[in-house]
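Observations on the three-dimensional arrangement
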Amino acid sequence: MKSRKRFITDKIYQSLITLISLIGLVILIAVFVFVFNKGSSLLSWDLLTGDYYSTVYDGYYDSELTTNLFVAPDDLDSDTYFSTRWGIALKDDLDREGHDYILIVYVDTESPLANLPDKNNEGEMVYMASGQSLDKIIFSDNTIMLSSKGAEAAISQFESATGIKDIMFTTAGKGIRGSLITTMYLIILTLIVALPIGILTAIYLHEFAPKNNKLVNILRRMVEMLTGVPSIIFGLLGAAVFIPIVSTVTGTEGGNLISGSLTLAVIILPVIISSTEETLKTIPDEYRQASLALGATKSQTTFKVILKSSAPGILSAVLLSIGRIIGESAALIYAIGTSIKDEIIVTERSTSLAVHIWSVMSGETPNFELASAISIIILLVVFVMNLSVKMIVKKISY
Amino acid sequence: MTYRTQFDSELDNLKLNLIKMSDLVIRNIHDALHSFLEMNTELAERIIKDDQLVNDFEYAIEKECMRIILREQPVAKDLRLITAVLKMITDLERIGDHAADISKLTVFMEKTSKPLKAKYTPLMVDVCEEMIRLALDSFVNRDTRMAHEVIEKDDLVDEYFIEIKNQVASAIRETRIDADYAIYLMMVAKYIERIGDHAVNLAEWVIFSITGEHE
Amino acid sequence: MTYRTQFDSELDNLKLNLIKMSDLVIRNIHDALHSFLEMNTELAERIIKDDQLVNDFEYAIEKECMRIILREQPVAKDLRLITAVLKMITDLERIGDHAADISKLTVFMEKTSKPLKAKYTPLMVDVCEEMIRLALDSFVNRDTRMAHEVIEKDDLVDEYFIEIKNQVASAIRETRIDADYAIYLMMVAKYIERIGDHAVNLAEWVIFSITGEHE
Amino acid sequence: MKFPIFKIWDVKKKNRFFDKLTYTGLLIPTILSASFVVLIILFITERGVAPFLPSQYGDLSVNFLRFMTGTTWYISPNIYGIFFIVINTLYVVFLSALLAVPVSVFTALFIAKMTPKPISGFFQTVVELLAAIPSIVFGVFGLGVITDVVKKIATVFGMQTAGGISALSTVLVLAIMIMPTVTLLSITAIKAVNRDMENNSLALGATKIQTLFKVTLVSAKSGIFAGIILGIGRALGEATAVSMVAGNAGTGPDFNIFNTTRTLTSTMLLGLKETTGLDYDIRFSVGVVLIIVIIVTNLLLNAAKKRIGKFS
Amino acid sequence: MENAFTINQLNLKYGEKKALDQITMDIPKNQITALIGPSGCGKSTLLRTLNRMNDLIDNVRIDGDIRYEEQDIFAKEYDVINLRTKVGMVFQKPNPFPMSIFDNIAYGPRCQGIKDRKVLQEIVERSLINAALYDEVKDRLKESAKELSGGQQQRLCIARAIAMEPDVILMDEPTSALDPIATAKIEDLILELKKKYTIVIVTHNMQQAARISDNTAFLLMGELIEYDKTDIIFSNPKETKTEEYITGRFG
Amino acid sequence: MENAFTINQLNLKYGEKKALDQITMDIPKNQITALIGPSGCGKSTLLRTLNRMNDLIDNVRIDGDIRYEEQDIFAKEYDVINLRTKVGMVFQKPNPFPMSIFDNIAYGPRCQGIKDRKVLQEIVERSLINAALYDEVKDRLKESAKELSGGQQQRLCIARAIAMEPDVILMDEPTSALDPIATAKIEDLILELKKKYTIVIVTHNMQQAARISDNTAFLLMGELIEYDKTDIIFSNPKETKTEEYITGRFG
Amino acid sequence: GTEDTTTATTSSFDQTSLIKVYTRDTTSGTREAFFKGIGFSDAVEDNALLVSGYIEVDGNGSMISSVEGDEYGIGYISLSSLEDSGLTGLSFEGVEATEANVLNDTYNLKRPFMYMTRSDWTGMETEEAIVEAFVAYMSTVDGKATIANNSGILETSTSDQLWDDIKDNYDVCSLNNENVTIRFGGSTSVEKIAKALSAEFSAKCGNFIADHNHTGSGDAYKRVQGSESDGANYLHIGFASRSFSTETEVGADGTYGQMCWDAVVVVVNADNNVITNITAEQVKKIYAGEITTWSQLA
Ligand SMILES: Nc1ncnc2c1ncn2[C@@H]1O[C@H](COP(=O)(O)OP(=O)(O)OP(=O)(O)O)[C@@H](O)[C@H]1O
Ligand SMILES: Nc1ncnc2c1ncn2[C@@H]1O[C@H](COP(=O)(O)OP(=O)(O)OP(=O)(O)O)[C@@H](O)[C@H]1O
Ligand SMILES: [Mg+2]
Ligand SMILES: [Mg+2]
Ligand SMILES: O=P([O-])([O-])[O-]
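Note that the coordinates shown come from a computational prediction; the quantities given were computed from them, not determined experimentally.

Rules and cut-offs
- Residues numbered from 1 in each chain as written.
- Chains lettered and ligands numbered in written order.
- Predicted model: local features only at pLDDT ≥ 70, side-chain atom pairs only at ≥ 80, totals over all residues.
- Heavy atoms only, no water.
- Helix = DSSP H or I, 4+ residues; strand = E, 2+ residues; numbered from the N terminus.
- Rg over C-alpha atoms; globule rule 2.2 N^0.38 Å.
- Buried < 20%, exposed > 50% of the residue type's maximum accessible area, 1.4 Å probe, protein only.
- Contact = heavy atoms within 4.5 Å.
- Areas by Shrake-Rupley, 256 points an atom, 1.4 Å probe, with all protein chains shown as cover.
- Lys, Arg positive; Asp, Glu negative; His and termini not counted.
- Charge placed at Lys NZ, Arg CZ, Asp CG, Glu CD.
- Arc of directions from axis to C-beta.
- Disulfide = S-S within 2.5 Å.
- Domains from an automatic or database assignment.
- Buried area = accessible area lost by both parts, 1.4 Å probe.
- Polar contact = N/O pair within 3.5 Å; in protein donor to acceptor, adjacent residues only side chain to side chain.
- Near = heavy atom within 4 Å.
- Pairing = 2+ DSSP bridges.
- Right-handed = clockwise from strand over helix to strand, strands pointing away.
- Axes fitted to C-alpha atoms, helices over the stretch in contact; angles between N-to-C directions.
- Parallel < 35°, antiparallel > 145°, perpendicular 65-115°, else oblique.
- Left-handed = near helix turned anticlockwise from the far one by under 90°.
- Nonpolar A, V, L, I, M, F, W, Y, C, P; charged D, E, K, R; others polar.
- pLDDT = per-residue confidence, 0-100.
- Salt bridge = Lys/Arg side-chain N within 4 Å of Asp/Glu carboxyl O.

1. A short note on the overall build of chain D
Looking only at helices and strands, chain D has 12 helices and two strands in total. Here the C-alpha atoms of chain D give a radius of gyration of 25 Å, more than 25% beyond the 20 Å that 2.2 N^0.38 yields for 312 residues. Across its three principal directions, the C-alpha atoms of chain D cover 90 × 60 × 35 Å. Here chain D, with 312 residues, has 63% of them falling under the buried criterion. If you take every contact in chain D between residues at least 6 apart in sequence, the share linking residues at least 24 apart comes to 71%. Here chain D has roughly 11,900 Å² of accessible surface; of this, 70% comes from carbon and sulfur atoms. Distance from the positive charge centre (26 side chains) to the negative charge centre (13 side chains) of chain D: 14 Å.

2. So, helix α10 (residues 280-288) of chain G
Residue and element names in this part refer to chain G. Inspection of α10 places A280, V283, I286 and Y287 among the buried residues, and these make up the whole buried set. One side of α10 carries all its buried residues, which in axial view fall inside an arc of 130°. Of the residues trailing α10, G289 is marked for its positive phi of about 90°.

3. Thoughts on the state of the cysteines
Counting across every chain of the model gives one disulfide over all chains. The cysteine C:C65 is free of any disulfide, with B:C65 supplying the nearest cysteine sulfur at 14 Å. The buried category is assigned to C:C65, whose relative accessible area is 0%.

4. Regarding the domain arrangement of chain D
Residues and elements named next belong to chain D. For chain D, the domain assignment lists domain 1 (4-52) and domain 2 (86-309). A C-alpha centroid distance of 36 Å is found between domain 1 and domain 2. The partner domain 2 presents nine residues to the nine residues of domain 1 that form the contact. Summing the contributions of domain 1 and of domain 2, the shared interface buries around 720 Å²; its carbon and sulfur component is 79%. Interface area lost by domain 1 to domain 2 is led by I44, R47 and P51, which between them contribute 63%. At the boundary of domain 1 and domain 2, one finds one residue pair in polar contact (both at pLDDT 80 or more).

5. Remarks on the site of ligand 1
Residues and elements named next belong to chain E. As a matter of local geometry, ligand 1 sits amid 14 residues, with S39, G40, K43, S44 and T45 nearest to it. The separation between an oxygen atom of ligand 1 and a polar main-chain atom of C41 is 3.2 Å. At 2.9 Å from an oxygen atom of ligand 1 is found a main-chain nitrogen or oxygen belonging to G42. Coverage of ligand 1 by the protein chains reaches 66% of its 630 Å² of free accessible surface. Counting only elements with at least two residues in the shell around ligand 1, the list comes to β2 (17-28) and α1 (43-50).

6. A few points about the pairing of strand β7 (residues 168-172) of chain E
Residue and element names in this part refer to chain E. The buried fraction of β7 amounts to five of the five residues, a majority that puts the element mostly inside the structure. Side chains V168, L170 and D172 of β7 all project onto a buried face; the interleaved residues I169 and M171 project onto the opposite face, where all are buried too. Sheet topology places strand β6 (residues 87-90) next to β7; four bridges connect them, and they run parallel. Paired with V87 across the bridge in β7 is V168. The sheet contact formed by β7 and strand β8 (residues 198-202) spans five bridges and is parallel. In the strand pairing of β8, M171 is matched with I201. Read from β7 through helix α7 (residues 180-193) to β8, the crossover connection turns out right-handed.

7. Observations concerning the environment of D:S201
As for its position among the elements, D:S201 is in helix α8 (residues 195-203). Distance from D:S201 to D:V215, taken between C-alpha atoms, is 7.3 Å for residues 14 residues apart in sequence. Setting aside residues no more than four positions away along its own chain, D:S201 makes contact with D:A206, D:T211, D:V215, E:F97 and E:Y107.

8. Some details on the domain arrangement of chain A
For chain A, the domain assignment lists domain 1 (54-170) and domain 2 (177-397). In this structure, domain 1 of chain A and domain 2 of chain A have C-alpha centres spaced 48 Å apart.

9. Some thoughts on the packing of helix α3 (residues 76-109) of chain C against helix α4 (residues 120-141) of chain C
How two helices pack is summed up by the angle between their axes together with the distance between the axes. All names here are of chain C. Orientation of α3 relative to α4, taken along the N-to-C sense of each, is 165°, at an axis distance of 13 Å. The orientation of α3 with respect to α4, classified from their angle, is roughly antiparallel. As α3 packs across α4, the resulting crossing turns out to be left-handed. Facing α3, whose interface residues are L81, V85, M88, L92 and I95, α4 presents I132, L136 and F139. Class assignment for the residues of the contact of α3 with α4 results in eight nonpolar, no polar and no charged.

10. With respect to unusual backbone geometry
Excluding glycine, a negative phi dihedral is what most residues carry, and trans is how most peptide bonds are arranged. Residue and element names in this part refer to chain F. Backbone geometry places Q22, a non-glycine residue, at a positive phi of 55°. Phi at E70 is positive, roughly 75°, even though this residue is not glycine. Within the fold, E70 resides in the loop between β4 (60-68) and β5 (71-72).

11. Thoughts on the confidence of the model for chain D
All names here are of chain D. Mean pLDDT over chain D: 83, with 93% of residues reaching 70 or higher. Mean pLDDT in chain D bottoms out at strand β1 (residues 74-75), which sits at 78, and peaks at helix α4 (residues 83-114), which reaches 92. Note that pLDDT drops below 50 for residues 1-9; the model gives that stretch 22 contacts with residues more than four away or on any other chain. Of the two predicted TM-score estimates for the complex, the pTM is 0.76 and the ipTM is 0.73.

12. Examining the interface of chain D and chain A
At the junction of the two partners, chain D supplies 70 residues and chain A supplies 67 residues. Summed over the three residues of chain D that lose the most area to chain A, namely D:L26, D:I40 and D:L129, the buried surface amounts to 9% of that side. Run the count over chain D and chain A and you get zero salt bridges. Between chain D and chain A we count four residue pairs in polar contact (both at pLDDT 80 or more) in total. The element that contributes the greatest number of residues to the side of chain D that touches chain A is helix α1 (residues 9-49) of chain D, accounting for 23 residues.

So, in structure tokens, the structure goes:
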């Protein structure tokens, strides 16, 4: 009898746990779904590898316009407008940051626009092609076409125009390659700085430091306190300490990859120190004793045996750190800046993916989609890191 | 506080069985002598039968000793004690054998003529009984003094034996005695003398079990 | 693959010592008889002295057994083997004692008159020697068949003893014999008969060590 | 059969020297690591104290007492109050922990003990990934999804929220944000529980659930609590996501979960990029307070952890 | 002699790996039965099968049957929880729960729904007395069980099992983590417990098996090689493999 | 008989706790000396003092002296690292480094600066042969040492110590984590090693001490109660305390 | 954001509900323009004057998403974001927020977008020349077109010159400037316009590198001529979405000017069917807490 009652309460509890944890998981998965839902449409190879800054082509057309009319290709969508005189098709679209622009859908090979003299470099040519955006035209009669007026208006202006004093069209842009590379640089540079310091500190604290020594305890406390410092405050540290230092050394100015990495290094230091110490703790004392008993010196013991054994733990620390580096925004806003760059130079400003998200979200019109798309990329990076570290750990742990 | 309570109780049990065995053996030699002196064949036959009991005792104790060695991995005094017991039961069994041997002679002897009262044999047996008892006491009380006493007493037994031998020899010379009987009597005396020797062995084992030294 | 190589070599060593001891004992009883028959007191005295060697052997082997028990925690056949050895040395020692006893008689007897050749005694001794040898062989070869042969052979020894006893008795009756000598001879025969018994014991222990069964 | 004698004297000297070098060499990174916290504290207290110093701001200097006891964030030109923000912060973080902890612990139990390996492996990876999601994504999620949900909840209760922007949304965002952390640490703690101990419970005739609650959780509580401490730390220090859904109420304290609220971090972040002078420096004062709050909370929680871990 | 368990043609596989192979044996009541054999031979597996602790491992397949008090413990409707209250278990490493001594012992009864403080108090005291631990801990029942010494912890685990008033106690190398003195105490205790309980014990220590058990089963690679009275196993085993193992010449 | 160590009036304190109290004893060369005694009596402490492994523990204070090959090992100018190469050590749990079998054994020599692959190869092989492990592992020297069985690991640790060409090998309960078969192998090995090395072994297993050692020292609460030939200690110890301990009646 | 989901479910707008007031933080240029525009200048820097329960958001974007999520909310945003926002922009004082109305001064809620260049160009002569050209470009037909194209509100006049006409005055633009970096920054509201301008002007002026780091209006003066003008984050040209403070942000003569106008629009949720027009008085009362429910406005 009794055990039957117990059986039932048991089942109830079991369902309860399952339910509650499922709710938890559902919420967590909802974040995923939300991010993927919002961001997947924007996700493309182009986004990953594309320049952020569009190249501006500045051309003009002062020849006679031939009188033959162009024929629109058959496969144009209904919201696309075609100029028979100039042989181009335009369409209104939103760019990756959610702004209106005019997308060049089609340029006839015979079109005069397909082959324009460069306005700023004599003898050079610029070429209009589909996929570019049309920004601004000053026609010969000084009428101006603006992209903000829309494709339809633009086409009608084209139809009445004879020559072009100044036409500006651009490549797509808004790609995140620069931020992606910056992020990779940040990861590498940060780890290069933080790993040795962190690991050596952990080794000192755990292996070499005299136990119950007041000074050591204070040092340890101070390292632990770093863990609790919110990242925004690290940003201030970066801005106030690292940027000036790096500027002085490299002779450049403003936030840069190095100052950003240094700041991140400080942020992940406690992570690395504590994870490393944690692994060091799990390494049986027997290893140390065995090594010392073999006549090895303490440093030989530490570097040949202990460090080797703690490799899996240190790798996990690296994973944690990479996650943190990828995700950090608040601190980086100050320590590296928000300038999105295509050419990444370590002594110059640039921005990481997370800050890129932040810029996107804190702009005048927040763009959930792009933010989500970048988030997906971050997730993928983390995912790959996660799996590979797991695999490496499996492989190297004896 | 002590542990190994099972072990200790097993050892106690062992000692107890040893004492029981020795009691049985003492009774047997005592009775054997009387059966001989009084030509009590009934008694003699009982003793011959009882020897099996002694053998059973030996067998049981021996088995128990092996069991203890097997189970308890005795060392030091425990191991000495068990070794001593293992040895002592051999001696006791041999003493028992001798009692049976005497009784067997009694059964034979009945057929021969009137016996010569060999006045020293009861004295010898008394000393032997005393020796066995002492040896066992010294074992239980872990008292080497008593054991040494036993060893000393053997001289007395030997003296009595010489006495008897001389008596018998002169009896033969004076043909006062039946030859078979003479031989029998001589053998009884020799058996008793051997019992004394075994009692000495017992005492030596006791000493070994206590001190770890062989005398 | 087997482990416990030390243990195994210790056991081998133990067997070897046992064989050495038995060889010594066999030699002693053989010589003792001859000393008795030939009234060779010199030889007799050497045997009496040699008995100490036998005792030393017993002591050493016994110590070794205890050491092995202590060190190796033997069980099953190992433990049986060691127990058997422990017991066998007692019997061997006793056999040795008897050889010495016979030799002592020889020393005594020299003072008495010409001996009666007891033709059965050498036969008895031969059988006994054979028995001891067989017992040891069966031990080393772990062969119970031989051990059983030993036990059977004891009957022969007993028959010889009766024979001798009857001879001596009639000699006494016919006063053909010095009384002391008669007694001595009788005792020698008894000793040899006992040696047979001990050889049977040996065989029994051998069987136990092999099968774990007591006969 | 001995080996050739080692020729070791020169090597020995080298080893000895290297050993000495290591001892001192390792102290340098350690001191470096430790010095950052000093740098930070020096730096932000220097700036954080400035608003209270007449020497810096003259007549405009902030009254420290009012700062610490104030129930309105800002009254022009120089009256700042942070008391209610501290209370609100703790309130919000407390509620989020209250929400996240059971869910996390149950989820951890579920993952570590109640599902077969492949499924639990999958879920664990999901949780691990979530733990690595930048907090701003949670803010985006909060603004896109949670505020909607909260708005509807409020309607059910006949309350009106600012489009879902409220303490509750903040609580939920924080709860969701710290859940992966607490869950992961709980999983670790639960997995570390001696299997024998659980088997023992089962062998005593306890059911699986009884075992999980009475033994597994009890044994893992120290580790779980460490996770909670970490989670609370994260919640206290979180800025971006919180400032997106908190509403940044100007006065308080306010314990109505459907009203807007304000946390220390959202205060620091709000308009930080465009502000100057006193209004800029006062955020450092808030930072100092934040650090103190975090340190004190940590101390208290760690003390609690010690007491909780008494039997383990 | 009555049997607590009757094991018949028991086979057990972990996945594809056969861990028990056609085990047939009876475990008599109120005796101590020892399971010995080299590492990995299936001792623990057999032991755990007796109270169905193997249920907790994925991938286990069992056929054959085990009867406990005449009932088939693998039957569908058989109440496992109840079996486990009747068949207690003590593990290799002492593993008290992270609670007070009192709560440790009251744990089982509480799980059964006993709430009355006085009843619990009584159970705890009785169990501690029976586990020969009472005198050592009576003044600190409220303190953490983790503070006890290894040997005390193991006796606590035994007390905890006793508190359920089981009929059988299974022990898996209960002294292998203890020093000789603590081991001696536990052995004394086990011998004492035998008066009331059926005990099945797995041990690597052959002397221990010899010392405390009435019957000994020798397992090798999942097979029951020999099962007999302990004295016979250790003095005169029938099987050469058994002899080789117990004399330390296995290989 | 020559002595490897001469210990004189050795006292050792951990903080305020006295762990060794006026120990005076000689450890003869090329013999096996066993240290026995109840848990916490100071066996490991004494052992560790012999190669100054106690240096690694804070708060240790030592007085009295130990002479190794006539030299005071506590002397200021004494070369500890060198001492440790001469006095090898094997621990309770087999603890191969997480490297290949080869690298494990080559570790010590490498630390001494030996780099020549051929020399190392030779050292490794010879050490493995001497540790009776060569045949079992010769085909997989490159594999992880962690994949060996417990007993093999422990022999590897012995081989590792041997590779340093020590004169003395200290062993702290080297078989307590092993099963009986592995233990038997290690014991055989130890007896073999005795021919070349002085061995000091701490053991909880009194039979082991009896089995393999030439001399046995019994320690109690930091004091050396009795030190004698092993046979004497185990058959006829002088001190009641020793007797009580070895017969398992200590308490 | 979450555009199309809410209309069906919340069509029943409850007029008795409280008005939820949204405001930007005190450092925002938009906020300044708004409060000044509605005659509530005291509230520019002082939250205490606002109705209790107001919600402070830290960006145009947050404002949009907040009001979008709250049927009963009211807030203010830049006109340029209104079209995409999905919110209802209210007429102010009866005047609709259109470019035309801003330019003809009938719509009063507006603010200037300002720029300021460095005064101290020591060691950056090329940069100075480029910035000078850039400033000139802003008032060419080309530049104005781009500003307008990016929601900047400005008047064009026929006297405006084409860049082609004046570019010869700026020799620097005929050089290759690929190695020259010009640092732009300041207001985030102006960022979009500034980026568009710099991108096309770079093409016209030797492909100099435009480095944008927009952190807020407050940084415009600070990093160009103020306290951080020699710091790490100094700028060559900064923008503000408000007038420079006449007290704290006094730039050297000729280094600053207006680029264009921006309008601030009072916005309510699309579901709000109560009002389409609002007066300065009403807004002020709403923000001061004197009007608290929508029914009071109906
Ligand atoms: N959960 C499991 N999954 C798969 N195989 C297992 C499992 N548990 C045990 N085994 C295997 O089953 C066999 C028997 O294991 P068991 O633990 O019963 O051995 P044991 O005799 O108790 O050994 P030990 O003395 O080492 O405890 C072993 O080969 C083991 O590897
Ligand atoms: N590092 C240390 N710090 C303080 N006390 C210690 C330390 N190591 C050992 N002790 C104490 O010194 C005493 C002797 O310890 P030691 O390890 O030598 O004992 P042991 O005889 O080897 O015991 P065991 O058999 O349990 O290994 C013990 O009371 C122990 O608690
Ligand atoms: Mg097992
Ligand atoms: Mg120790
Ligand atoms: O409001 P802003 O200062 O960012 O334009």
